[in-house]
Amino acid sequence: MAKMDMENERRQREDYFKKQQKPNTEFLDDLDMVDNIFAFLPTVLADQEDHGPRGFEDLEVKQEKLEEFELDDISLSSGSEEEDDLAQYTFPKYAATYFQGSSTHTHIQQALRHPLLFHEDDVDVLASMAIWNIILRFMGDLQEPRTFAQASERRNKSLGKMSKVRLATHQAVNEGPNHGRNSKKLNNKLSSKLNVPMNPSLGEERLVGENSITDRPMSNLEKLHFIIGNGIARPNIRDEIYCQICKQLSECYSKNVYARGWILMSLCVGCFPPTDGFMKYLHNFIRNGPLGYAPYCAERLRRTFANGARREPPSYLELEATKLKQPIKVTVTLMSGLSCSASVDSATTANELCKSLAGKIGLKDTFGFSIYIALYDIFSSLGSGRDHVLDAISRCEQYVKRQGGQERHAAWRLFFRKEIFTPWHDCSEDAVSTDLIYQQIIRGIRFGEYQCEKEEELIDVAAKHYYVRFGADVETEKGVKVVHACISDKLLRSKSPEKWCQQITTQVKDLFVSERPNALKFKGQLVDSARMKWPLLFSRFFEASKFSGPTLPKNQLVVAVNWLGISFVDKNEKLLLKRSFPEITGVNTNRASKLYGQSVTVTTLQGETYTLTSGYAEDIADLIVMFLNGLKMRSEYAVTLHSNSEQDDPIFLKYEKGDLIKLIKNEEIIQDYGWIQGQNERTAKIGSLSLESVYIVPTLVKPPSEVMTLILMSPDQRRQASQNAQVKEPEVKIKAYTLEEFSYDHFRPPAKESMCKVVLPKARVKDRIWACSREPLRQPLLKRVSASTEMVVVACQAFTAIMRYMGDYPGKLAKSGTELTDLIFSVALQEDTLQDEIYCQIVKQLTDNCNRYSVDNGWQLLWLCTGLFPPSNALLPHVKRFLETHPEERLAADCIQRLNKVKRCGSRKNPPHLLEVEAIQLWSTKILHKIYFPNDTDEAFEIFTSTKAKDLCESITTRLKLSSSEGLSLFLQVEDKVISFPEGDFFFDYVRHVTDWVKKEKPTKDGTSISVAYKVLFMRKLWLNVFPGRDLKADILFHYPQELPKYLRGYHQCTKEDAIQIAAFLYKVKFNDDKSQFLHIPKMLKDLVPEDMIRMMSPEEWRKSIVAVCNRHAGKTPDEVKLAFLKLLYRWATFGSAFFEVKQTSEPNFPDIVRIAINKQGVTVINPRTKVALVTHPYNKISNWCSGSTYFHMSVGNLVRGGKILCETSLGYKMDDLLTSYVSAYLATAKQKTARYNA
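Described in the following lines is the structure provided in the data block. (Residues numbered from 1 in each chain as written. Predicted model: local features only at pLDDT ≥ 70, side-chain atom pairs only at ≥ 80, totals over all residues. Heavy atoms only, no water.)

1. Thoughts on the overall build of the protein
Applied cut-off: The numbering of helices and of strands both runs from the N terminus, where a helix is a DSSP run of H or I of at least 4 residues and a strand a run of E of at least 2. Burial classes follow relative accessibility: with a 1.4 Å probe on protein chains only, a residue under 20% of its type's maximum area counts as buried, one over 50% as exposed, and anything between as partly exposed. We call two residues in contact whenever any of their non-hydrogen atoms come within 4.5 Å of each other.
A count of helical and extended segments in the protein gives 40 helices and 32 strands. Looking at the 1239 residues of the protein, the share that counts as buried comes to 51%. Counting contacts in the protein only where the partners sit at least 6 residues apart, residues at least 24 apart contribute 67% of the total.

Shown next, in the form of structure tokens:
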């Protein structure tokens, strides 16, 4: 019987599902449902509304537009062979074969016991389980966690970054170099990728355990980024993700769940493909999907499979395109002023876009033209390869978010520019190419990207540009136009445009008196001149790390490949090594261990072998090999490897070992057969010779004798010759102040074995204890520190940490993070005797230090030190003189200012915060920190090392144009705690203090440090002198959003009439004058009426009453209604109160559970059931109070007539702090009144 019931139930489900298939095809076009899912998107995307990058403003004013084109013509071919029959590749069949345990292919609404597929890695198992939970929540099969559930939908309406999992071992984003602010500098040329470092306070989620990702509410956008982000970062679980989505779409009877599932599927297939083993099953599943999404998803899957997985989560543009199922429109600007509008998709690569543009504008010589993306003054190349265009746009949006802006306001621009030349570039081959490069160079000269060393060169360029534009006829008006097209603003400030115009027109007359050459010829000359003059600026840059090879000043470097050869430079534009193509003998790539990733090995004639690890190792090798092969094909020079002087046949060439042979192209002698014809430069004889007997030099010009000599040497001889050729550069003695004079009286004497027998004080100079040392200290520098046994060990450990940070000490400890800076400064902040020692140690290592890398890191430490504590009065003048005698150092002037400020403001209490350390390591002395406000908005504010909480409050008040900062305060939100900033504490000190305390409370595995996420809030703490309407900005920004939650939780004593009035106000705030929502009021009562009053009337009675009041307030703006809400609450005694539910044990006549309200009147004890005030204690009657982790105690009155309030609560620290703040404020007011009275 039971079996028959189960069979009938199964048939009923199948019949129902068949009936629902048609609606499932139709309802996916329901715009209301789609809009609800994408509610976090703005109505209008504003990514292109801001101004363009500096140096390209003229392209923003007038743009000649080419007609729009699609990428269909250049899309990767799907193949001409017939597709396999997909009918047999069904998802139920795959599930029956590969799913674990009893898991089926059909939709369920419960948690999984284990992943659907088997995974070897435990982290992949945890990630799969977490993703299943998020998929259920996104599709609506699982409710959000109740904690802050209402706020979760309103929170984070702007695009966040892809969450990374704390246990992750893979990284989805290849982080590029950090960008400078000026697009004219070379360091932006080195920026091949926009760098968006992971914010340690955002995006780190635990998969399991306390505070895991599944325990907190998330917005739809957060869920999408968690699912897709893991799919990008973890290739091993991509099939798992697709199986989970397909499972939830199989036999799903809920229209809403079904729609959400297909939206999720469309986003996933646009970001990462499945494995080959699941590809056909997924393709078949999508093919049988709803009409609204099946073709769309199938095409996205085909494109993603062809072009590879993305590296970034979807951008705003993609989400909007998915919402509307429309292509993405982007505009690419050419250097000629033209712009092309193109339709792209999530899988479009830079190579596809470059080919489309080239075909559209008739560009034949396409090599070296690349897509660039610009954001503000940051200018980065996408190249013309496999990089996804939408990845770059997503990085721009994330960068804007990190800077405190909103992603939809990211003012990115796409440009089509010449990035690199071939060594055999010929301007006469393609007029279109030459014109584009010419326009790029002229614009670059105008905006300082390319700089002429002499004024005569600039005048000559401008004169030729005049001729190209206007011919040889000289007119002043045309000359002024050329001045503004070629001369930078800086030069125009030093010399008037009229004088520049006069010089340019004079040069035009001199150059073109009789000869009138072709304009294209001049363009080609300028292009060739720029190629020769600025080879590094026309390079393709790749970030890399030196894995092995000869010593370089830095192991982290940038490989620059251009038409001359390869160069290794650092991120500060310093050239580390340069090798021309004739000096390169071999290039190969290989896969090193998983730990180090892909690598490329370059060998040179000098006997050097450099192995570099890079995410772009293949691209580096391919580019160099292409140039080498191209040069050898075009080369006219070869060097003989052995002698052949005894040859009698006149057909063959006679030569000695090392002879230079000039190759002759002869159609009768085919090089592929192993023979070539050439002329011996030494004998001038011509003949044939074997390819095996020569080395063809990859060059288009005659190779220098040094290269020819190196070719004939053995590898050992080359290495020896290279070592002998290294001439030490003469030391340039700079008259810089040292601690030598200070050391005579304050440093310990040198070790006995090194002390000179001469008793004169200056004999100590030979020991040079005050100068840079490459060995750790065994004793501190200062006498008074050496006298303390405990301080000796600490001082020596600090010096070792300084050496490690500067790179002077071998060790595995990297300088990232704060571990080294903590070792250096922590104890010194507690022990004043060590502060001078730290100053002396840093200055010592900066004195006579010839290693630039070490010096740069040392100045970073000195910059941090001058912001933490000042030196003693005895050492202060010596440190100042040291700083003043190093004006060439970029941080010297700032160190002097910080030294004066720390002397005035006092010392810090805690070592530098991570943000301070990271900022100075990027050579940025400006630190922006995001501050959050109660109305769900935020702004970024600049914070200095010496900024105190009170200073920041004043700065925020000024920025927001508030009338006063009285009662406003900063709060630090860490996990579930919100703690107020003490006004007198340094900002970074207090953040460091609280986060370190949280770290100590958290258990760690293997002693590894953990990061603590936090937020800084700014809101009202004390409700003194608050009168609704006096400061409308504060009412809207702080008072309304802070009072509303307390009202809805039912903390205030409220009549039914007031509740109806306020409900009408809240409706007006939500919907303004939109009466169409009146019918839905019963469903939204929890957002309009206090939770304990909802049952006082039926939902329909509430609706009628609220509608009646709403009609009376027609025409009022939301801000006016918010103000009316505050004015009504202001009449109540509990307005502006902070409420705490506690268990009291001191008063038998009171309930066990009471509600304590702390406000400007004092401390009020309230019956939470009746909301009646039981007793109020004014602040002048409170004599003492204390708190702990589980209690709050308060004494009232005096010893004769007094009492106590004893409470059990975990929020005692909040009550204590708030009570202290109110009492302090009243005492300060009383003190001011007394002072005025006495005056």
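2. Quick notes on the environment of phenylalanine 285
Structurally, phenylalanine 285 can be placed in helix H11 (residues 276-287). Sequence separation between phenylalanine 285 and proline 92 is 193 residues; the distance between their C-alpha atoms is 9.9 Å. Phenylalanine 285 has contacts with Phe91, Cys246, Leu249, Ser250, Trp262 and Met265, leaving out every residue within four places of it along the chain.

3. Remarks on the packing of helix H16 (residues 431-446) against helix H17 (residues 455-470)
Heads up, the condition is: Axes, fitted as lines to C-alpha atoms, cover a helix only where it is in contact. Angles between the N-to-C directions of the axes lie from 0 to 180 degrees. Any angle from 65 to 115 degrees is called roughly perpendicular, while one under 35 is roughly parallel, one over 145 is roughly antiparallel, and all others are oblique. What makes a crossing left-handed is the near helix being turned counterclockwise from the far one by less than a right angle; a clockwise turn instead makes it right-handed. In this count, Pro and Cys sit with the nonpolar residues alongside Ala, Val, Leu, Ile, Met, Phe, Trp and Tyr, while Asp, Glu, Lys and Arg are called charged and the others, Gly among them, polar.
Orientation of H16 relative to H17, taken along the N-to-C sense of each, is 135 degrees, at an axis distance of 12 Å. One element, H16, and the other, H17, form an angle in the oblique class. Crossing hand, H16 versus H17: left-handed. Residues Tyr438, Ile442 and Ile445 of H16 pack against Leu458, Val461, Lys464, His465 and Val468 of H17. Here the residues of the contact of H16 with H17 are counted per class, giving 6 nonpolar, 1 polar and 1 charged.

4. Side note on the nonpolar core
Note the cut-off: Nonpolar cores were defined as sets of buried Ala, Val, Leu, Ile, Met, Phe, Trp, Tyr and Cys residues, with membership established by side-chain atoms within 4.5 Å.
In this structure, Ile371, Trp412, Phe416 and Ile441 are the most contacted members of the largest nonpolar core, which totals 70 residues. Among the elements that take part in this core, H17 stands out by supplying 8 residues, more than any other.

5. A few points about the sheet that holds strand E19 (residues 686-690)
Definition in use: At least two DSSP bridges between two strands are needed for those strands to be called paired.
Pairing within the open sheet is antiparallel, and its 5 strands lie in the order E19-E18-E17-E16-E20. Of all the strands in the sheet, the pair left with one neighbour each is E19 and strand E20 (694-696). For this sheet the average axis-to-axis angle between neighbouring strands, irrespective of direction, equals 45 degrees. Here strand E18 (residues 675-680) pairs with E19 via 5 bridges, running antiparallel. Across the sheet, residue glutamine 679 finds its bridge partner in E19, namely isoleucine 686. In the packing of helix H23 (residues 705-712) onto the sheet, the strands contacted are strand E16 (637-640), strand E17 (660-664) and E20, and the crossing angle to E16 comes to about 40 degrees.

6. Description of the pairing of strand E6 (residues 369-375)
Where burial is concerned, most of E6 is hidden: 7 out of the 7 residues are buried. Neither face of E6 is exposed, since Phe369, Ile371, Ile373 and Leu375 on one face and Ser370, Tyr372 and Ala374 on the opposite face are all buried. Across 7 bridges, the pairing between E6 and strand E8 (residues 412-418) is antiparallel. Looking at E8, one finds that tyrosine 372 is bridged to phenylalanine 415. Pairing of E6 with strand E7 (residues 378-383) involves 5 bridges; the strand directions are antiparallel. Among the inter-strand pairings, tyrosine 372 is bridged to a residue of E7, identified as serine 381. Connecting the antiparallel pair E6 and E7 is a turn made up of 2 residues, with tyrosine 376 showing a positive phi of about 55 degrees.

7. Concerning the pattern of salt bridges
Where we set the bar: Note on definitions: salt bridges are taken to be side-chain nitrogens of Lys or Arg within 4 Å of carboxyl oxygens of Asp or Glu.
Counting across every chain of the model gives 38 salt bridges. The salt bridge partner of arginine 234 is aspartate 124, with a shortest N-O separation of 3.6 Å. Taken as a pair, arginine 234 in the loop between helix H8 (220-233) and helix H9 (238-249) and aspartate 124 in helix H5 (residues 122-139) lie far apart in primary sequence, 110 residues in all. There is no split in this pair, since arginine 234 and aspartate 124 are both buried. Put simply, arginine 310 and glutamate 318 hold a salt bridge, and the shortest N to O gap is 2.6 Å. Connected through shared salt-bridge partners, Arg137, Glu144 and Lys223 make up one network.

8. Quick look at the pairing of E16
Judged by which residues are buried, E16 turns out to be covered on both faces: Tyr637 and Val639 on one side and Ala638 and Thr640 on the other are all buried. Of the strand pairs in this sheet, E16 and E17 are connected by 3 bridges, and their pairing is antiparallel. What sits directly across from valine 639, in E17, is leucine 660. Bridging between E16 and E20 involves 3 bridges; their strand directions are antiparallel. Following the sheet pairing, alanine 638 is matched in E20 by isoleucine 696.

9. What to know about the side chain of glutamine 845
In plain terms, the rule: The definition of a polar contact used here is a pair of N or O atoms within 3.5 Å, where within protein one atom must be able to donate a hydrogen and the other to accept one, and adjacent residues in sequence count solely through side-chain atom pairs.
By secondary structure assignment, the location of glutamine 845 is in helix H29 (residues 833-846). The exposure class assigned to glutamine 845 is buried, which follows from its relative accessible area of 0%. Here serine 773 takes part through its backbone oxygen, which lies 3.0 Å from a polar atom of the side chain of glutamine 845. Ignoring anything within four residues of it in the chain, the contact list for glutamine 845 reads Ala771, Cys772, Ser773, Phe799, Ile802, Met803, Met806 and Asp808.

10. Some points on the packing of aromatic side chains
Selection criterion: Each Phe, Tyr or Trp ring (for Trp, its six-membered ring) is paired with any other whose centre lies within 6.5 Å, and the angle between the two planes then decides the class: stacked below 30 degrees, edge-to-face above 60, tilted in between. Cation placement over rings: the criterion is NZ of Lys or CZ of Arg within 6 Å of the ring centroid and within 35° of the ring normal.
Tallied over the entire structure, the rule returns 44 aromatic pairs. Ring pairs connect the aromatic residues Tyr89, Tyr94, Tyr98, Phe278 and Tyr281, which therefore count as one cluster. When the ring centre of phenylalanine 138 is taken as origin, the NZ or CZ atom of arginine 260, which lies over that ring, is 5.9 Å away.

11. Quick notes on unusual backbone geometry
A positive phi angle is found at aspartate 936, which is not glycine, with a value near 65 degrees. Counting through the fold element by element, aspartate 936 comes out in the loop between strand E21 (928-932) and strand E22 (938-942). Notably, asparagine 1025 is not glycine yet its phi reads approximately 55 degrees, a positive angle. Looking at the element boundaries, asparagine 1025 is found in the loop between strand E25 (1014-1020) and helix H36 (1032-1048). On the basis of relative accessible area, asparagine 1025 is assigned to the partly exposed category, the value being 47%.

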